[in-house]
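Structural overview for review
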Amino acid sequence: MTLFNASDRFLVHCETEKKLSPLTIRAYRCDLKCFVEVVGMDRKLEDFSETWIESAVQTWLLAPILKAATVKRRAACVKAFVRWLFRRKLISFNPLERIHLEIRVPKRLPRNLQTSEIRKLISIRPEDIVAGAQSGADSILTRPGWDKLTARLAIEVLALTGVRVGELVKIGIADIDRVLHQVRILGKGNRERHVSFPDSVTITRLQMYRKCGKSRFGAENHDALLLNGLGRPANEQYIRRII
């Protein structure tokens, strides 16, 4: 079996047996493609050695466009791939026992938002955006107005709950408990958890948001909490862009 064919089988294993998320599968596919390109797609598994791994890592470390974090992620993917090969007896030994990879990633302190930036983010209340639309001749929010309202509520939910953007766009109406002020979150690896709002203000604002959505897009509405300018479930790219 060639290295290329083995990498394809490993990705199928990760998707069907381990049930990894699509984002993880996509990252694994990209990292393994880079590994195969360095080593050679037609190399036979019976020739697998620790020098393949060392050569790939050294090549990536010398690439000026790659950060240490990227190289470390690729190395972790290759390690998972090699362990799978050994467990499936596709290689006769575990090359990881013969090498020691230490990739140092520079530590960076997180950048905190300045007080002025926080004030700017929350300076406009969602109620004011809706009230501004209702005071005009057409009470339906325009596309820029809808984007502004969605961005404002997305910032509020992100700040109050600490969820990721990828988790935010997965929230549905059924995930919100209006009584307990909680939201069910489906995180990485399909792990479920609950986060809480400090009070009912955000819940009320989200209900107002849904009413505005029905006015703008009609009765046919999606179960997703946040919608894009076309009335479809918002994705990560849309949320990042409008924010």
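Preceding this paragraph is the structure being described.
Worth saying up front: this structure is predicted, and the values here are computed from it rather than measured.

Rules used in this analysis
- Residues numbered from 1 in each chain as written.
- Predicted model: local features only at pLDDT ≥ 70, side-chain atom pairs only at ≥ 80, totals over all residues.
- Heavy atoms only, no water.
- Helix = DSSP H or I, 4+ residues; strand = E, 2+ residues; numbered from the N terminus.
- Expected span 1.5 Å × (residues − 1).
- Core = buried A, V, L, I, M, F, W, Y, C linked by side-chain atoms within 4.5 Å.
- Buried < 20%, exposed > 50% of the residue type's maximum accessible area, 1.4 Å probe, protein only.
- Contact = heavy atoms within 4.5 Å.
- Phe/Tyr/Trp six-rings, centres within 6.5 Å; stacked < 30°, edge-to-face > 60°.
- Lys NZ or Arg CZ within 6 Å of the ring centre and 35° of its normal.
- Axes fitted to C-alpha atoms, helices over the stretch in contact; angles between N-to-C directions.
- Parallel < 35°, antiparallel > 145°, perpendicular 65-115°, else oblique.
- Left-handed = near helix turned anticlockwise from the far one by under 90°.
- Pairing = 2+ DSSP bridges.
- Salt bridge = Lys/Arg side-chain N within 4 Å of Asp/Glu carboxyl O.

Brief notes about helix α7 (residues 143–161)
Compared with an ideal rise of 1.5 Å per residue, which puts 19 residues at 27 Å, α7 spans 27 Å between its outermost C-alpha atoms and is within 8% of the ideal. Gly162 sits one or two positions beyond α7 and adopts a positive phi of about 75°.

Side note on the nonpolar core
Leu149, Leu168, Leu226 and Ile239 are the most contacted members of the largest nonpolar core, which totals 33 residues. Elements represented by at least two residues in this core include exactly α6 (126–134), α7, α8 (165–168), β2 (182–186), α9 (201–217) and α10 (236–242). In terms of residues, this core owes the most to one element, α7, which gives seven residues. Once you skip the residues sitting within four places of it in the chain, Leu168 turns out to touch Ala154, Val157, Leu158, Val163, Leu226 and Ile239. Within the second largest apolar cluster, 32 residues are counted, among which are Val36, Ile53, Trp60 and Ile99.

Comments concerning unusual backbone geometry
A positive phi angle, close to 60°, is found at Lys19, a residue other than glycine. Structurally, Lys19 can be placed in the loop between α1 (3–16) and α2 (22–39). For Lys19, a relative accessible area of 55% puts it in the exposed group.

Overview of the packing of aromatic side chains
Scanning the model with the defined rule gives eight aromatic pairs in all. The interplanar angle of 45° and the centroid separation of 4.7 Å between the aromatic rings of Phe48 and Trp52 together place this pair among those described as tilted. Each of the two residues, Phe48 as well as Trp52, counts as buried. In this structure an aromatic cluster arises from ring pairing among Phe10, Tyr28, Phe81 and Trp84. One cation-aromatic arrangement involves Arg98 over Phe93; the distance from NZ or CZ to the ring centre is 4.0 Å.

Examining the packing of helix α3 (residues 50–62) against helix α4 (residues 68–87)
Between α3 and α4, the shortest axis-to-axis distance is 10 Å and the interhelical angle comes to 165°. Classified by the angle between their axes, α3 and α4 sit roughly antiparallel to one another. Here the hand of the crossing between α3 and α4 comes out right-handed. Facing Ile53, Val57, Trp60 and Leu61 of α3, the residues of α4 in contact are Val71, Arg74, Ala75, Val78 and Val82.

Some details on the side chain of Asp31
Locating Asp31 in the fold gives a position in helix α2. Residues contacting Asp31, with those up to four places away along its chain left out, are Arg73, Arg74 and Cys77.

Section: the pairing of β2
Here β2 shows a buried face lined by Val183 and Ile185 and an unburied face lined by Gln182, Arg184 and Leu186. Inspection of the sheet shows strand β1 (residues 176–177) paired to β2 by two bridges, in the antiparallel sense. Note that in β2 the partner of Asp177 across the bridge is Gln182. A loop of four residues connects β1 with β2, the two strands running antiparallel in sequence, and His181 in this loop sits at a positive phi of about 60°. Linking β2 back to strand β3 (residues 192–196) in an antiparallel pair, the connection comprises five residues, with Gly189 at a positive phi of about 65°.

Some words on the sheet that holds β1
One open sheet holds the three strands; their spatial order is β1-β2-β3, and the pairing between them is antiparallel. Single-partner strands in this sheet number two, and they are β1 and β3.

Details of the environment of Cys30
Within the secondary structure, Cys30 sits in helix α2. With a relative accessible area of 39%, Cys30 lands in the partly exposed category. In this structure, the C-alpha to C-alpha distance between Cys30 and Arg74, residues 44 residues apart in sequence, is 8.8 Å.

Examining the pattern of salt bridges
Scanning all chains against the criterion turns up 15 salt bridges. Between Arg98 and Glu50 there is a salt bridge, with the nearest N and O atoms lying 3.7 Å from each other. Pair noted here: Arg98 is in the loop between α4 and α5 (115–122) and Glu50 is in helix α3, with a separation of 48 residues, a long-range link. Its relative accessible area of 55% is what places Arg98 among the exposed residues.

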